[in-house]
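So the chains spell out like this:
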Number of protein chains: 2
Amino acid sequence: MVTPSAADSPAELIISACTVLVHDDQERIGFAEDAAIVVRGGIVGAVTTAAEAADLPAAERIDARGQVALPGLINCHTHAPMVALRGLAEDLPTEEWFNDVVWPVESNLTPTDVELGARLACAEMIRAGVTCFADHYFAMDAVARVVEESGMRALLGEAFFSSQGPEGRERSLEFALRHRGAADGRITTALAPHAPYTVDDADLAATAELARTHGLPVHLHAAENRDQTETSLARHGGTPIEVLERTGILHTDLLLAHGTGIVDSDLPLLERSDGRTAVASAPRGYLKFAWPDTTPVRALGDIGVDVGLATDGPASNNSLDVWESMALTSLVQKSAEGDPRWLTSRQALHHATLQSARAVGLGDSAGGIAPGRRADIVLVDLTGPHTQPVHDLAATLVHSARSADVRTTIVDGRILMRDRELLTIDVPMVVRELVERLPALVDRSHGRRIQQYDT
Amino acid sequence: MVTPSAADSPAELIISACTVLVHDDQERIGFAEDAAIVVRGGIVGAVTTAAEAADLPAAERIDARGQVALPGLINCHTHAPMVALRGLAEDLPTEEWFNDVVWPVESNLTPTDVELGARLACAEMIRAGVTCFADHYFAMDAVARVVEESGMRALLGEAFFSSQGPEGRERSLEFALRHRGAADGRITTALAPHAPYTVDDADLAATAELARTHGLPVHLHAAENRDQTETSLARHGGTPIEVLERTGILHTDLLLAHGTGIVDSDLPLLERSDGRTAVASAPRGYLKFAWPDTTPVRALGDIGVDVGLATDGPASNNSLDVWESMALTSLVQKSAEGDPRWLTSRQALHHATLQSARAVGLGDSAGGIAPGRRADIVLVDLTGPHTQPVHDLAATLVHSARSADVRTTIVDGRILMRDRELLTIDVPMVVRELVERLPALVDRSHGRRIQQYDT
């Protein structure tokens, strides 16, 4: 507990009388009870006792009795605007999903579709307690506008394929440089090659060079599933991770989506990489596509690679519910390892907080409620019958609570949802405008697609 | 659509302007749009158009614009009062979970604990759109009282072990006969031997005989996991299903929980059984315990065995969220079969409705919204950002909607929750009373347990 000096100027926000998820200096999860959070300048000034906070002046107060304050959840890999396609490509193998539905439809995509999709997605995420998302998509200027106006935090990257020629990579760089630090610093950026199966080695090598020159991270899909790894071995004589290694991508600050096709021989490469390496795991989609593996969380943890939680795009996952990803990560990892003692609720909360923050490059500023970190906080109501009684608060949060139990979502000290009411997005209007555009968006009669999946 | 005669007496309830999940005569799922449900005498009188219903007199109306009416969900296997132990035994292998925590704690169990637990559980289920549950536990008189007062529907059985002597079986029979048809017919009953590993062959044979004599179904755990099947083969020279066959249990109307240890050689036995045979699948717990298999839903379907959805008890599953079981069944079955085309959203909804109703012996009266069936209906709000837009309503329901989207829950035409407000249970009072009792309930210093798990 850090006690604020009474002589400080009035806090902009005090959240009082709640239980606060905290990390100790070994990053172990704990819960401070009957606590209060003092926010100044968008930053956590102090985590103190409710009694101490009662006497402090504040511009705004939230009485959070019966609620738990968590660091806002982070969606470490998504394509948020794809909410527009949610439910359009169901029960298909990966290849048909891409080639027959998603990539044909995406050839119709306009910046307006992307903007409306992103706005609806941000509404969904704010309601689900997500305060930050790593987005990898097209027409990302539109997503940046929505991040600015909605108040969320995001790591944004303009996706590209080598089929676009060098212009794809150049646009991705131009986007990353232009938006870096935008929205009062809430926007950070990455270079966003699509994947080693759609971006060739020369393009990957050039991207790695740009990343080093400009100090930008790289966010891409790689070793998404076992098929991709096997095809890469046959075509390129190496696994996707080996391709990233030899093109230099592995030595940038790398956010790698999925990695269910990572094999044992990849692990030493990942361990020896020069940059910060993290993997985003979105287990729901792996089950839905019936991929044979899931992200090897235990093996990655053993070599010090952070695993952040993600939903992937809602056209495959059907939702942006990171809370569900947290629970599923625990369940699926226990099952995959055959070990019920593994991936406990506290481990799941560690993935959801500090590991996810590091994965998106915010290891020093997000993922925790502690003095000096950004005030990205969600308040969770545990008074519902499904979350009572509480024998083990970590288990209650991971396995009994649901995203709908989030009552209040705060980013940089600004309240984006209060008592379930969204304050920055008008959902009915967004839905109305988006639904009008759907017939043109989902038309596949033209026979075009933006890319071919043939790994 | 069946159009009610205008000369009918006033309906007790009309739910208007909604989309209604309906089944055709091949049990295929469809959606009637801009429809209305007319309820008379606790029964669906008609599913008609919103326009027709507008002119009908009714004692009560619900304007359900933007909502979808589904048959109430059915929890086909649970131990509802175990909400009291939710989160108490985390991250343990099955054997330690039973022997070190749950069975020692259950030696402290009083009817008051059971009653408070059941009341909290019913609150959770009503809020999650569950209208009926199959409960298998102890001190079931207390559960019956709660079913009566809460307005829910239930299939109740008093659990017994052979270690209790013949009195266990006799109490189970006495309970089943005394409560059958109680609560205006909302309570049905079953004989409830615990499992073939805790109830010996003679006791199972006597139970089968009682079931035949009294026309009662049997609800038990069997072939819960692969270990149990292997142990049964070693100790009894047969799989658990073979034990049920030779003791006659398989030829009763049987509700079998879990069955993840069912092997290929069991399938012909299950197919040839004389009675109605159904399996309840609760996939969350199988993942959490890291069991190597899940319920073989496809193989069971191929031989005509219904698979109902379940949560198991909240001490293992941490929740009574059947909605989550529906989504997880789809995801886990796709993964287990390696087939993304399998267990579509419509198939999941079929398991959730007609198959679950048949599993609990209510195949003619529940599980569907159609004239003559009981008016067990839930209204789901799809206006949230996470359920928009809707390209495929079945997918939206299974993969995007959550239990918290249920706004209204109706059993036998009586509204148990309206606009998220519970009308028959006072949750804060139940939680207060239950929490006071927890220290005595969870005390394990006595060293007793009600049973030993050693399969």
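Nothing here was measured: the structure is a model prediction, and the numbers come from that model.

### What about the overall build of chain A?
Okay, step 1: In terms of regular secondary structure, chain A is built from 16 helices and 18 strands.
Okay, step 2: Relative to its length of 455 residues, chain A is compact, with a C-alpha radius of gyration of 21 Å against a globular reference of 23 Å.
Okay, step 3: Expressed as lengths along the three principal axes of its C-alpha atoms, the size of chain A is roughly 65 × 50 × 45 Å.
Okay, step 4: Residues counted as buried form 66% of the 455 residues belonging to chain A.

### A short note on the sheet that holds strand S13 (residues 277–281) of chain B
All names here are of chain B.
Okay, step 1: Pairing is parallel in the open sheet, where four strands are placed in the order S11-S12-S13-S14. Each edge of the sheet is formed by a strand with only one pairing partner; in this case those strands are strand S11 (218–222) and strand S14 (306–309). Here the strands of the sheet are splayed against their neighbours by 30° on average, with no regard to which way each runs.
Okay, step 2: Judged from the five bridges that link them, S11 and strand S12 (residues 254–258) form a sheet pairing that is parallel. Looking at S12, one finds that Val218 is bridged to Leu254.
Okay, step 3: Helix H14 (residues 345–359) contacts S12, S13 and S14 of the sheet and is inclined by roughly 105° relative to S14.

### Focus: the pattern of salt bridges
Okay, step 1: Tallying each qualifying case throughout the model produces 60 salt bridges over all chains.
Okay, step 2: Between Glu60 of chain A and Arg418 of chain A there is a salt bridge, with the nearest N and O atoms lying 2.5 Å from each other. In this pair, Glu60 of chain A sits in the loop between helix H1 (50–54) and strand S4 (61–63) while Arg418 of chain A sits in strand S17 (residues 414–418), placing the two residues 358 residues apart along the sequence.
Okay, step 3: Judged by relative accessible area, which is 34%, Glu60 of chain A ranks as partly exposed.
Okay, step 4: Exposure remark for Arg418 of chain A: the relative accessible area of 27% places this residue in the partly exposed category.
Okay, step 5: Two residues, Arg298 of chain B and Glu337 of chain B, come together in a salt bridge whose shortest N-O distance is 3.6 Å. On the criterion of sequence distance, the pair formed by Arg298 of chain B in helix H11 (residues 297–302) and Glu337 of chain B in helix H13 (residues 322–337) is long-range, its members being 39 residues apart.
Okay, step 6: In this structure Arg298 of chain B comes out as partly exposed when scored by relative accessible area, which is 24%.
Okay, step 7: When its relative accessible area of 33% is taken as the criterion, Glu337 of chain B is described as partly exposed.
Okay, step 8: Look at the salt bridges and you will find they share partners, linking Glu115, Arg119, Arg145 and Glu149 of chain A into a network.

### With respect to the packing of helix H4 (residues 140–150) of chain A against helix H5 (residues 166–179) of chain A
Residue and element names in this part refer to chain A.
Okay, step 1: At their nearest, the axes of H4 and H5 sit 11 Å apart, and the two run at 20° to each other. With respect to each other, H4 and H5 are oriented roughly parallel. Along this stretch, H4 crosses H5, giving a crossing that reads as right-handed. Contacts between H4 and H5 involve Met140, Asp141 and Ala144 on the former and, on the latter, Phe175, Arg178 and His179.
Okay, step 2: Tallied by class, residues from the contact of H4 with H5 come to three nonpolar, one polar and two charged.

### Quick look at the relation of the copies chain A and chain B
Okay, step 1: Take chain A, turn it by 180°, move it 0.0 Å along the axis, and it overlays chain B with an RMSD of 0.0 Å. Expressed as a symmetry operation, the mapping of one chain copy onto the other fits a two-fold axis. Every residue of chain A has its C-alpha some distance from the rotation axis, and the shortest such distance is that of Ala404 of chain A, at 3.3 Å.
Okay, step 2: A shared binding surface is used by both copies, with 100% of the interface residues of chain A retained as interface residues in chain B.

### Thoughts on the environment of Ala223 of chain B
All names here are of chain B.
Okay, step 1: Turning to its location among the elements, Ala223 is positioned in the loop between S11 and helix H7 (226–236).
Okay, step 2: Ala223 sits in the buried class, given a relative accessible area of 1%.
Okay, step 3: For the pair Ala223 and Ala257, spaced 34 residues apart in the sequence, the C-alpha separation amounts to 8.3 Å.
Okay, step 4: Ignoring sequence-local partners within four residues, the contact set of Ala223 consists of Gln228, Thr229, Pro240, Ile241, Gly259, Thr260, Gly261 and Ile262.

### Re H5 of chain A
For an α-helix, 3.6 residues make a turn, and residues three or four places apart therefore share a direction.
Residues and elements named next belong to chain A.
Okay, step 1: The terminal C-alpha atoms of H5, which comprises 14 residues, lie 20 Å apart, in line with the 20 Å expected from a rise of 1.5 Å per residue.
Okay, step 2: By the burial criterion, the buried members of H5 are Gly168, Arg169, Ser172, Leu173, Phe175, Ala176 and His179. Looking straight down H5, one finds that the buried residues subtend no more than 160° of arc, so they occupy a single side.
Okay, step 3: The inward-facing, buried residues of H5 contact H4, strand S8 (153–160), strand S9 (187–189), strand S10 (192–193) and helix H6 (201–214).
Okay, step 4: Among the residues trailing H5, Gly181 stands out with phi positive, at a value near 85°.

### Brief notes about the sheet that holds strand S11 (residues 218–222) of chain A
All names here are of chain A.
Okay, step 1: The sheet built from four strands is open, its strands ordered S11-S12-S13-S14 with parallel pairing. Edge positions in the open sheet fall to S11 and strand S14 (306–309), since each of these has one partner strand only. Along the sheet, successive strands turn relative to each other by an average axial angle of 30°, direction set aside.
Okay, step 2: Where strand S13 (residues 277–281) lies against S14, four bridges are found, and the strand directions are parallel. Pairing of Ser281 across the sheet is with Leu309, part of S14.

### Here's the deal with the interface of chain A and chain B
Okay, step 1: Taken together, the contact pairs 58 residues of chain A with 58 residues of chain B.
Okay, step 2: Contact between chain A and chain B buries roughly 4,500 Å² in total, counting both sides, with carbon and sulfur atoms accounting for 59%.
Okay, step 3: Interface area lost by chain A to chain B is led by Asp91, Pro385 and His391 of chain A, which between them contribute 15%.
Okay, step 4: Residue assignment for the side of chain A that touches chain B shows that the elements contributing at least two residues are helix H3 (111–127), helix H10 (283–288), helix H13 (322–337), helix H15 (393–400) and helix H16 (427–442) of chain A.

### Regarding the side chain of Asp405 of chain A
Okay, step 1: With respect to the helices and strands, the residue Asp405 of chain A is situated in the loop between H15 and strand S16 (406–411).
Okay, step 2: Put simply, Asp405 of chain A is tucked away with no salt bridge, and the nearest opposite charge, on Arg127 of chain B, sits 5.1 Å away.
Okay, step 3: Sequence-distant contacts of Asp405 of chain A, defined by excluding residues within four places in its chain, comprise Leu379, Val380, Asp381, His386 and Thr387 of chain A.

### Quick notes on the environment of Ile15 of chain B
Residues and elements named next belong to chain B.
Okay, step 1: Of note, Ile15 is situated in strand S1 (residues 13–23).
Okay, step 2: Classification of Ile15 by relative accessible area gives buried; the value is 0%.
Okay, step 3: Taking the C-alpha atoms as reference points, Ile15 and Arg65, separated by 50 residues in sequence, lie 9.5 Å from one another.
Okay, step 4: Look past the residues within four positions of Ile15 in its chain and what remains in contact with it is Ala35, Ala36, Ile37, Ile62, Ala64, Ile377, Leu379 and Ile410.

### Concerning the domain arrangement of chain A
Residues and elements named next belong to chain A.
Okay, step 1: Assigned domains of chain A: these are domain 1 (11–71 + 373–422) and domain 2 (73–360).
Okay, step 2: Each partner contributes residues to the interface: domain 1 has 32 residues there, and domain 2 has 29 residues.
Okay, step 3: Taking both partners together, domain 1 and domain 2 bury about 2,600 Å²; carbon and sulfur atoms supply 63% of that area.
Okay, step 4: Counting across the domain 1 and domain 2 interface gives three salt bridges.
Okay, step 5: With a shortest N-O distance of 2.6 Å, Arg153 and Asp412 are connected by a salt bridge.
Okay, step 6: Our count for the contact surface shared by domain 1 and domain 2 stands at 13 residue pairs in polar contact (both at pLDDT 80 or more).
Okay, step 7: Secondary structure elements with two or more residues in the side of domain 1 that touches domain 2: strand S1 (13–23), strand S2 (29–40), strand S5 (67–71), strand S15 (377–381), H15, S16 and S17.
Okay, step 8: At five residues, H15 tops the list of elements feeding residues into the side of domain 1 that touches domain 2.
Okay, step 9: Its residues assigned to classes, the side of domain 1 that touches domain 2 shows 19 nonpolar, five polar and eight charged.

Calculation rules
- Residues numbered from 1 in each chain as written.
- Chains lettered and ligands numbered in written order.
- Predicted model: local features only at pLDDT ≥ 70, side-chain atom pairs only at ≥ 80, totals over all residues.
- Heavy atoms only, no water.
- Helix = DSSP H or I, 4+ residues; strand = E, 2+ residues; numbered from the N terminus.
- Rg over C-alpha atoms; globule rule 2.2 N^0.38 Å.
- Buried < 20%, exposed > 50% of the residue type's maximum accessible area, 1.4 Å probe, protein only.
- Pairing = 2+ DSSP bridges.
- Axes fitted to C-alpha atoms, helices over the stretch in contact; angles between N-to-C directions.
- Contact = heavy atoms within 4.5 Å.
- Salt bridge = Lys/Arg side-chain N within 4 Å of Asp/Glu carboxyl O.
- Parallel < 35°, antiparallel > 145°, perpendicular 65-115°, else oblique.
- Left-handed = near helix turned anticlockwise from the far one by under 90°.
- Nonpolar A, V, L, I, M, F, W, Y, C, P; charged D, E, K, R; others polar.
- Least-squares fit on C-alpha atoms with pLDDT ≥ 70 in both.
- Expected span 1.5 Å × (residues − 1).
- Arc of directions from axis to C-beta.
- Buried area = accessible area lost by both parts, 1.4 Å probe.
- Lys, Arg positive; Asp, Glu negative; His and termini not counted.
- Domains from an automatic or database assignment.
- Polar contact = N/O pair within 3.5 Å; in protein donor to acceptor, adjacent residues only side chain to side chain.

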